[in-house]
Amino acid sequence: MSAAERTGDVTSVLPEPAQDERSEFGDSAMLGFQFLLAVVVLFMWQGASGRLVDDFFVSNPIDVFRRLYTWTANGSIFQHIAATIYETIAGFMIGASMGVLLGIWLGMSRFYSRLLNPFLWALNALPKVALAPLFVLWFGLGLESKIALAAILTLFIVFINTYQGIKDVDEDLLDTVRLMKATRGQLLRKVILPSSVAWIFTGFKVALPNALIGAVIGEMIASSYGLGYLVQLSGAQFDTAGVFAVLFVIGILAVILNQLIEMAHSRLDHWRVLNR
Amino acid sequence: MSMIELASISKTFRQKGEPVEAVRNLSLSIGEGEIVAVIGPSGCGKSTLLNMISGLYRPTTGRVEYRGERVTAVNTSVGYMTQKDNLLPWRNVRDNVSLPLEIQGVPKAQRERAAEELIRRVGLDGFEEKLPSELSGGMRKRVGLARMLLARPETLLLDEPFGALDAQLKLAMHQLLLSIKEEYGQTVLFVTHDLVEAITLSTKVVICSRRPGTIRYSRDVDLPFPRDVLNVRFTEQFGEIYNDIWEQLRQEYKEDRL
Ligand SMILES: Nc1ncnc2c1ncn2[C@@H]1O[C@H](COP(=O)(O)OP(=O)(O)OP(=O)(O)O)[C@@H](O)[C@H]1O
Ligand SMILES: [Mg+2]
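Everything numeric here is computed off the predicted structure, so don't read it as measured data. (Residues numbered from 1 in each chain as written. Chains lettered and ligands numbered in written order. Predicted model: local features only at pLDDT ≥ 70, side-chain atom pairs only at ≥ 80, totals over all residues. Heavy atoms only, no water.)

Some remarks on the UniProt feature "transmembrane region" (unreviewed entry) in chain A
Residues and elements named next belong to chain A.
Logical step 1: In the numbering used here, UniProt assigns the feature "transmembrane region" (unreviewed entry) to residues 29-48, 89-107, 119-141, 147-166 and 243-261.
Logical step 2: Across residues 29-48, helical content stands at 100% and strand content at 0%; the span's end C-alpha atoms are separated by 29 Å.
Logical step 3: As annotated, residues 147-166 comprises 100% helix and 0% strand, and the C-alpha atoms at either end are separated by 27 Å. (UniProt positions renumbered as here; feature names shortened; annotations may be inferred. Helix = DSSP H or I, 4+ residues; strand = E, 2+ residues; numbered from the N terminus.)

A short note on the coordination of the magnesium ion (ligand 2)
Residues and elements named next belong to chain B.
Logical step 1: For the magnesium ion (ligand 2), the protein coordination sphere consists of Ser 47 (OG) and Gln 83 (OE1), at 1.9 to 2.2 Å. Pair noted here: Ser 47 is in helix 1 (residues 46-53) and Gln 83 is in the loop between strand 6 (78-81) and helix 2 (93-97), with a separation of 36 residues, a long-range link.
Logical step 2: Residue classification places Gln 83 among the partly exposed positions, given a relative accessible area of 39%. (Donors = N, O, S within 2.8 Å, 3.2 Å for Na, K, Ca; no water. Buried < 20%, exposed > 50% of the residue type's maximum accessible area, 1.4 Å probe, protein only.)

Observations concerning the environment of A:Leu260
Residue and element names in this part refer to chain A.
Logical step 1: On the secondary structure map, Leu 260 appears in helix 12 (residues 240-275).
Logical step 2: Judged by its relative accessible area of 47%, Leu 260 is partly exposed.
Logical step 3: Considering only alpha carbons, one finds Leu 260 and Leu 212, 48 residues apart in sequence, at a separation of 14 Å.

Describing the site of ligand 1
All names here are of chain B.
Logical step 1: Near ligand 1 lie 15 residues; those nearest to it are Gln 15, Ser 42, Lys 46, Ser 47 and Thr 48.
Logical step 2: Within the contact set of ligand 1, an oxygen atom lies 3.2 Å away from a backbone nitrogen or oxygen of Cys 44.
Logical step 3: One nitrogen or oxygen atom from the side chain of Tyr 57 is found 3.1 Å from a nitrogen atom belonging to ligand 1.
Logical step 4: Looking at the shell around ligand 1, the elements with two or more residues in it are strand 1 (2-15) and helix 1.
Logical step 5: Here the element with the most residues in the shell around ligand 1 is helix 1; it accounts for 3 residues.
Logical step 6: Looking at the shell around ligand 1 residue by residue, the classes come out as 4 nonpolar, 8 polar and 3 charged. (Near = heavy atom within 4 Å. Polar contact = N/O pair within 3.5 Å; in protein donor to acceptor, adjacent residues only side chain to side chain. Nonpolar A, V, L, I, M, F, W, Y, C, P; charged D, E, K, R; others polar.)

As structure tokens, this is what we get:
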């Protein structure tokens, strides 16, 4: 069972695709099927639009790709992508580091974790995107308010995972190492952190797409750049092809970000096996 | 001077609100350099006793003293090999064994040399790179033993250290323990269910009653050192001690059945 499945908290993780060794199809065959599935869906979409459903509501793949092509060719899309990526990454970094620190602090301090427990659960239950108007007031219309929204979404997820990871550390291991005259810092570095790394990374994995959501929603509320702004703008102009085109780009971004964090995780596992 | 002094200690746990009395009114004095074996029925509070001496548990009543001072926090003068192996699962054998020196700040090359020496002495050379999950139960126990010995604590607490080993290995580990003890003169307290092992290694055997544990019988073992761990059991004196303690144990376990 993965760490997040056990927490059953905030946002559940999508199930990992089964790594079944008896599977009859290899990775490249599967990639082929995935491509095929996408093509079939696109054809059905193209076929249905204008015949079964009004083109005005669902647009059609050809228009969407034409739109993507125009935006790419004239380069206008790139500043929006760059802004959204920047906000997502910055918000994620800030939120993740604060979440880890808060998780370690409360995980190691019985007094403060008991003191703050009800408040943290109350805060966690709030729909964080509802903070967006406040953040606009506090941080203005610029990048900062979007970064703050991405950060706050990240923070709670990473905090809860880190906290659980630290609570999950085997007390007997801690006692054993305490008997070796370990200081609190040594306990943290040699037992607590290595044993909660898996939990913390699960937090990162769940949090990163949420940071992206935070950035996009922030842009939708008040902005003049970014993919969220572009969705908002296209929608306001009844430009369904534009909306789908931006959604497509956001989807691609999410896949790339997920890939990056998977890579970081496997690098870390590799490093752990070599060094510890 | 006595090294460990237990003055009428009791320990009561709460299990789902119900009090469970694990140890009752137990007194024991262990002198410096003694080797004491504790035998007793399962669940009689032997592990609890070691946990109190190491300062991991507080006694409910009574005092635990170490070198004349009351134990109120984790007692870092003892090395404790727990019943469960408690190895760090993400560290290989070498890094587990060298952990105590790592914590003391000994440079890497030096601590690894020391660790490898002990890994060889517990018969695990060739397994330095293995993770605990890749080892057998008996191998993990030996990793724990090596790790404890590496720190050179002045007192050793061992909870069923050789239970999971085959007869040959057991003898080798007995020899190792006695030779380390001869070199460094530690005080040793160990728990076992094996009476031959208890007498072979110890200067005193203590029998613990069934729960709530208290001392039922204790007897000095005045076999001379150095001992031949294989052949000492065939001596007449050993046989006499064995029969005496066995008689006591038989009664203890017989009561247990009823
Ligand atoms: N942390 C704890 N919390 C609650 N009860 C405990 C705890 N530790 C031990 N006990 C109880 O105390 C009693 C003595 O346990 P202990 O582990 O000391 O026995 P033992 O003599 O070491 O047994 P064994 O020979 O099987 O290892 C048992 O009834 C056990 O259930
Ligand atoms: Mg025990």
